[in-house]
Amino acid sequence: MADAKVIPFDDDRSRARRRPGGRADREAAAVRALPGPQQAHQEPEGGRAGAGDPGAADTAPGASSGAGTGAGAWERKLAGGLAFLRRRITGDYEVDEFGYDEELTDQVLMSLLRPLYEKYFRVEVKGVENIPAEGGALIVANHSGTLPLDGLMMQVAVHDHHPAGRHLRLLAADLVFVLPVVNELARKAGHTLACAEDAERLLRSGEIVGVMPEGFKGIGKPFGERYKLQRFGRGGFVSTALRAGVPIVPCSIVGAEEIYPMIGNARTLARVLGFPYFPLTPTFPWLGPLGALPLPTKWTIQFGEPIPTDGYAPEAAEDPMLMFNLTDQVREQIQHTLYKLLVQRRSVFF
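The structure contained in this document is the topic of the report that follows. (Residues numbered from 1 in each chain as written. Predicted model: local features only at pLDDT ≥ 70, side-chain atom pairs only at ≥ 80, totals over all residues. Heavy atoms only, no water.)

## Focus on helix H9 (residues 236-244)
With respect to burial, H9 is a largely interior element, seven of its nine residues being buried. All of the buried residues along H9 are Phe-237, Val-238, Ser-239, Thr-240, Ala-241, Leu-242 and Ala-244. Of the surrounding elements, those touching the buried residues of H9 are strand E4 (137-141), helix H7 (196-204), strand E7 (208-211), strand E8 (248-254) and helix H11 (320-344). One or two residues past the end of H9 sits Gly-245, with phi positive at roughly 70°. (Buried < 20%, exposed > 50% of the residue type's maximum accessible area, 1.4 Å probe, protein only. Helix = DSSP H or I, 4+ residues; strand = E, 2+ residues; numbered from the N terminus. Contact = heavy atoms within 4.5 Å.)

Here it is as structure tokens:
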């Protein structure tokens, strides 16, 4: 299998949906040229066929064009799928230097996550317009749920609901990039290591970057501490935003805390396996694989008003007091919004 072409991250093509005139465009044009309903039933130039037109007698008075419409749609879908497979096999697709594969993310990974997002968790999104339409921004969110599904649902929310169709690049923990299969999928989906250098480079390149400063302390906390934010570390995300001069967008997620109610932690087993914690829930591990099924809670994701950082001097990123104040401001805004959403929530599941 041929290797994909690696596009330099600061190249404008790495942020384009598709290169105009490229092979993908030619194949897409060929797909659109397939006979569809608009072509199969096209009228002659002189207007509608009259009674004496031989073509007018070919269609019975009660005939329906639904079959032709369905056939044309399926033909286009099949041709598009074959074109996609051809590009994957020949390596005629692009990835940036972090391993992000935009085509695979848009056409496959988002399609796999979307049923979970729309049908299972029934995510409601608020304030997505607070994310800038262009340029870099740092989204800072709470973290919960025992497994990091909240980050993936936030990624779908930005991808599907932002008016400018922006993509979210998540910063992930080291553990993600040492797990087989998960490592490769995370890179393809645009995730990268949670370090200041990678985050700053993405932000300076005009990307939307997501970070969850609570880390394992957030997703691994007991059920009794749900919706109580843990420490946000030393404010490294604020320093990164200040150096890049991008706004910070607080994000509050309600619903993830209840998908795996963590009632215990098998610490010895966690140390043996090399995990930060090993969750015990009312269903896991007692019900085996069935116990790993998340509860179908109702989610709300709200993006708050952005906090600008471009008004600070370059040396502000080294001011510990400023970083502490901004970190506390972001944390308080997320916590306040969580409480407000919880008060408005009718039920965990509806």
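Now that the structure has been shown, we can carry on.
## Quick look at unusual backbone geometry
Going from Phe-284 to Pro-285, the amide bond is cis rather than trans, its omega being 5°. Of note, Pro-285 is situated in the loop between strand E10 (279-280) and strand E11 (300-303). At Arg-122, a position not held by glycine, the phi torsion is positive, near 50°. Relative to the assigned elements, Arg-122 resides in the loop between helix H4 (102-120) and strand E3 (124-126). What makes Arg-122 partly exposed here is its relative accessible area of 26%. Despite not being glycine, Tyr-227 has its phi angle at roughly 60°, a positive value. Mapped onto the elements of the fold, Tyr-227 is located in the loop between helix H8 (216-219) and H9. Residue Tyr-227 is classed as buried on the basis of its relative accessible area, which comes to 4%.

## Some words on empty space enclosed by the protein
The tally for this structure, following the rule as stated, stands at one cavity of 30 Å³ or more. Gly-145, Thr-146, Gly-218, Ile-219, Lys-221, Pro-222, Phe-223, Glu-257, Tyr-260, Pro-261 and Met-262 are the residues that line the largest cavity. (1 Å grid on protein atoms, 1.4 Å probe; cavity = no way out; pocket = protein on both sides within 12 Å on 5 of 7 lines; lining within 4 Å. Points joined across faces, edges and corners; volume = space filled by probe spheres on them.)

## Some thoughts on the pairing of E4
Across the five residues that make up E4, a large majority, five, are buried. Residue alternation in E4 divides its side chains into two sets, Ala-137, Ile-139 and Ala-141 and Leu-138 and Val-140, and both sets are buried. Of the strand pairs in this sheet, E4 and E7 are connected by four bridges, and their pairing is parallel. Bridge pairing in E7 links Ile-139 to Gly-210. In the sheet, E4 pairs with E8 via four bridges, with the strands oriented parallel. Looking across to E8, one finds that Val-140 is bridged to Pro-250. (Pairing = 2+ DSSP bridges.)

## Here's the deal with H4
In a regular helix each residue adds 1.5 Å, so 19 residues correspond to 27 Å; H4 covers 25 Å between its end C-alpha atoms and thus fits that length. When the local axis directions of H4 are compared, the greatest deviation, roughly 45°, occurs at Met-110. Of the residues making up H4, those classed as buried are Glu-102, Glu-103, Leu-104, Thr-105, Leu-109, Met-110, Leu-113 and Tyr-117. The opening residue of H4, the one whose side-chain oxygen lies 3.4 Å from the backbone nitrogen of Glu-103, is Asp-101. Taken from the residues just after H4, Arg-122 is the one with a positive phi, measuring 50°. (Expected span 1.5 Å × (residues − 1). Bend = angle between axes of the 7 residues up to and from the residue. Polar contact = N/O pair within 3.5 Å; in protein donor to acceptor, adjacent residues only side chain to side chain.)

## Description of the environment of Asp-319
Considering the arrangement of structural elements, one finds Asp-319 in the loop between E11 and H11. The class for Asp-319 is partly exposed, based on a relative accessible area of 34%. A sequence separation of 80 residues divides Asp-319 from Ser-239, and the C-alpha atoms of the two residues are 8.8 Å apart. Only 3.1 Å separates the side chain of Asp-319 from the backbone nitrogen of Met-321, close enough to count as a polar contact.

Such coordinate-based values are descriptive only and should not be taken to indicate function.
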